[in-house]
Amino acid sequence: NQQRAQKRLRIIIPICLLIILLIISLQFKSKIFTGIIFSSVVLAWSGGFIMMWLFSQEWFLNFHFLGDHLREIFQIQTIYLSVAVWVGFLALFGIATDDGVLISTIIKSEVEKKQPKNLQQLITAIIEASTRRARPCLMTSATTILVLLPVLTSQGKGAEIMIPMAIPIFGGMCFAALALFFNPLMFFLYYKFKLKLKSTI
């Protein structure tokens, strides 16, 4: 069953990523914008694997807090690429894409509305747009992370499936929050390049 499921996931995961790319490209109609937004998925992907790597390290959370050992509370052990883990990654892709689309949409509309003529105006427009969407993005990440804490500490029936599923989502959302800084920076570099092209024409 495990081998059959992994064969299906080798097809399903690339299809899901292609569908996400297609939806983003249809929304923004720009390869550059699609690449910038899809970077949120890449950040989340790396965060999920880093969290899995941390769970296999003996030093990770190897201390006591309020009399309890954290490695025992979070049941830290080596996590393998099971079906549950890949299902967690699939859920993570959707959540991470939401944050990227949310902040990128407002930056694009703000810059197009203000039509900045120089770098200072461009910086101001991007910062204003980013700060308006920073709270919703942080709330999405924070609520997802907090909701997963009871799952990561669960010990009842089904925990052996739910914990491996939650680990990539937890680590991925911690890293996906970096999109709040990465996406505005990439948009700034893109619009800065466009401003330079206009000034040379």
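Above this text sits the structure in question.
Read on for a plain summary of the structure. The shown structure was predicted, so the numbers you read here are calculated from the model rather than taken from an experiment.

The rules we used
- Each residue is numbered by its place in its chain's sequence as written, counting from 1.
- Per-residue local features of the predicted model are confined to residues with pLDDT of at least 70, and side-chain atom pairs are confined, for both listing and counting, to 80 or more; whole-chain, interface and lining totals are unaffected and use all residues.
- To get the side-chain values, all heavy atoms of the structure are used, and hydrogens and water are removed first.
- Strands are runs of DSSP state E lasting at least two residues, helices are runs of H or I lasting at least four, and both sets are numbered from the N terminus onward.
- Exposure classes here rest on a 1.4 Å probe applied to the protein chains alone. A residue is buried below 20% of its type maximum, exposed above 50%, and partly exposed in between.
- In this analysis an axis means a line fitted to C-alpha atoms, helices contributing only their contacting stretch, and an angle means the value between N-to-C directions, from 0 to 180 degrees.
- Orientation is classified from the angle alone, with under 35 degrees giving roughly parallel, over 145 giving roughly antiparallel, 65 to 115 giving roughly perpendicular, and any other angle giving oblique.
- In a left-handed crossing the near helix is turned counterclockwise from the far helix by less than a right angle, and in a right-handed crossing that turn is clockwise.
- It only takes one pair of heavy atoms within 4.5 Å for two residues to be counted as in contact.
- Here the nonpolar group is Ala, Val, Leu, Ile, Met, Phe, Trp, Tyr, Cys and Pro; Asp, Glu, Lys and Arg are the charged ones; every other residue, Gly included, is treated as polar.

### Comments concerning unusual backbone geometry
Despite not being glycine, Leu61 has its phi angle at roughly 55 degrees, a positive value. When you line up the elements, Leu61 lands in the loop between helix H2 (31-55) and strand E1 (64-65). For Leu61, a relative accessible area of 23% gives the class partly exposed.

### Structural notes on the packing of H2 against helix H6 (residues 159-176)
Helices that pack against each other are described as a pair by the angle of their axes relative to one another and the distance between those axes. As a packed pair, H2 and H6 sit with axes 7 Å apart at the nearest point and diverge in direction by 125 degrees. Comparing the axis directions of H2 and H6 gives the class oblique. As H2 packs across H6, the resulting crossing turns out to be right-handed. Together, Leu43, Ala44, Ser46, Gly47, Gly48, Ile50, Met51, Met52 and Phe55 of H2 and Ile167, Pro168, Phe170, Gly171, Gly172, Phe175 and Ala176 of H6 make up the contact between the two elements. Residues of the contact of H2 with H6, tallied by class, amount to 11 nonpolar, 5 polar and no charged.

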